Amino acid sequence: MRTRTDLPWYWGSQTASFVGDRLTGFAVPTIAILTLDASEAQVGVLSALGWFAYPALGLVAGAALAHVPRRRVMIVGELLRFAAFASVPLATLAGWVSVPQLCVVVAVAGAAMVFVDIAGQSYLPALVEPRELVGANAKLQSSDSLSKLIGPALGGLLLRTTSPYAGLLLCAFPFLASAFGRTRIQTVEPPPEPIREPLPHRIRTGFTFVRRHPLLRRLVCAAAIRSFGSGMVDAVLLLFAYRVLGLSSLAGGLLIAAGSIGGLLGAFVANRLAATLGVRRTLVLTGVEALCWLAVPLCLLSAPALALVAIRICASVWLPIWNVVTTSVRQEVTPAGLQSTVHATARTLTSSTVPLGAITGGLAGGVLSTQLGAATGLVLVLATGGVIAGASALLVATATHQEV
């Protein structure tokens, strides 16, 4: 039975979780670069580790979540994420903190994130009617975009006004708020299915459904390409900001946050665009992201920081639109009994390319910086990654009308 307060509590909990993601996602690489003097390759690995949990655990999590209460899993996962990041300040007191230790923390938090993410996507259809899914996902995407605006700026402020490790502890507190908010949801989700099939068979069922569904198969492939390009960009963006532009942690946070202005706009118009243009045209339109990143060489000319801010704002409009539309389509076409396994399959396949992109970006940034200089080398990586991300929309452009 649904209550009027359940969706607001769920939305608020997801928002807190998003903020925690952005705060810790900014604080960890910043500490690695500015405090522990991590190399380009180490930063790439650190950026990738959180996403490695998806190829390692995503399919298993999806199959397992079909048979357990998903709200409880979300609560436990958020508490585990808080504990992982809170361990860093404690390790500092013992003199153990290092880049490898940060890698372990990110890996543990990433594993918990997999279960929270898949459980959340599978739980949402129990809270709203099918016709309300696009609107609900648009609200969640708005929160995600807002967290990208608030998180890095707030993270930079916390790291600057406190010690780096105390700041990281404060950055983890939204996970506690998220766990509390989920305890307030009263909707009784459909009872877990009795376990009738072995775990490998349930994994195979979700994978087979995605593979045989023409639209889902194409969307997953396109999203995987987009994720690879985004991973490249994310791996070197802070390196470029700190080591080429010479920005402080606070200025770096403001730079990252500025791009979320476009993300908020994208989340705001996603529902309207999908209703006006349809799924196919809306998704093809997101390819404009590639054109935005083609302008990144302008950062080598005058006012490089302003140019990078403008590019990020323009490029960030399109990913929220893509996420809202594709997630809603997946939730709508997937039978109730396959929600967790199908979401896990899609998220695993698309997220698995993020660490590959991050490692590729980090290694390419190191090699090109050595040969061409840090400014030119990192700009080339940013431009290449951005173009790959935007060009993924070409897969939807070549789809048949029967598929989309």
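Residues numbered from 1 in each chain as written. Predicted model: local features only at pLDDT ≥ 70, side-chain atom pairs only at ≥ 80, totals over all residues. Heavy atoms only, no water.

## Quick notes on the overall build of the chain
Our working rule: A helix here means a DSSP run of H or I that spans at least four residues, while a strand means a run of E at least two residues long, and both kinds are numbered starting from the N terminus. We compute the radius of gyration from the C-alpha atoms alone; for a globule the expected value is 2.2 Å times N to the 0.38, where N is the number of residues. The classification of residues rests on relative accessible area computed with a 1.4 Å probe and restricted to protein chains. Under 20% of the type maximum is buried, over 50% is exposed, and intermediate values are partly exposed. Should any heavy atoms of two residues lie within 4.5 Å, those residues are considered in contact. Only the protein chains shown count as cover for residues, with accessible areas throughout obtained via the Shrake-Rupley method and a probe of 1.4 Å. We treat Lys and Arg as the positive residues and Asp and Glu as the negative residues; His and chain ends play no part in the count. Taken as the charge location is NZ of Lys, CZ of Arg, CG of Asp or CD of Glu.
Broken down by element type, the chain carries 18 helices and zero strands. Against the compact-globule benchmark of 22 Å for 404 residues, the chain has a radius of gyration of 20 Å, which places it among compact chains. Considering the chain as a whole, with its 404 residues, one finds that 53% of them fall into the buried category. Sequence separation of at least 24 residues holds for 87% of the intrachain contacts in the chain that already meet a minimum separation of 6. For the chain, the accessible area works out to roughly 16600 Å², and carbon and sulfur atoms hold 69% of it. Where the 28 positive side-chain charges of the chain centre and where its 16 negative ones centre are 3 Å apart.

## Structural notes on the pattern of salt bridges
Where we set the bar: Any carboxyl oxygen of Asp or Glu within 4 Å of a side-chain nitrogen of Lys or Arg constitutes a salt bridge here.
This model, assessed by the stated rule, comprises seven salt bridges. Taking the shortest distance from any N to any O, the salt bridge between Asp 21 and Arg 81 comes out at 2.5 Å. Separated by 60 residues along the polypeptide, Asp 21 in helix α1 (residues 6–35) and Arg 81 in helix α3 (residues 70–93) bring together distant segments of the chain. Residue classification places Arg 81 among the buried residues on the basis of a relative accessible area of 2%. Sharing partners across several salt bridges, the network here consists of Asp 21, Glu 78, Arg 81 and Arg 182.

## Concerning the side chain of Ser 13
As a reminder, the rule being used: Distance and chemistry together define a polar contact, namely a pair of N or O atoms within 3.5 Å, with one atom able to donate a hydrogen and the other to accept it when in protein, and with adjacent residues in sequence counting only for side-chain atoms on both sides.
Following the sequence through the fold, Ser 13 ends up in helix α1. Given the relative accessible area of 2%, Ser 13 is considered buried. A polar contact of 3.1 Å, which involves the side chain of Ser 13, links it to the backbone nitrogen of Arg 182. Not counting residues up to four positions away in its chain, the partners in contact with Ser 13 are Ser 178, Gly 181 and Arg 182.

## A short note on the UniProt feature "transmembrane region" (unreviewed entry) in the chain
Here is the rule we go by: UniProt positions are given in the numbering used here, feature names are shortened, and annotations may be inferred rather than shown by experiment.
Here the UniProt feature "transmembrane region" (unreviewed entry) sits at residues 48–67, 79–98, 104–124, 219–242, 248–270, 291–319 and 372–397. When the span residues 291–319 is considered, its composition is 59% helix and 0% strand, and the gap between its end C-alpha atoms is 14 Å.

## So, the side chain of Thr 282
With respect to the element layout, Thr 282 can be found in helix α11 (residues 260–285). What makes Thr 282 buried here is its relative accessible area of 0%. Separated by 2.7 Å, the side chain of Thr 282 and the backbone oxygen of Gly 278 make a polar contact. Apart from residues lying up to four places away in sequence, Thr 282 is in contact with Leu 273, Ala 274, Leu 277, Ile 321 and Val 325.

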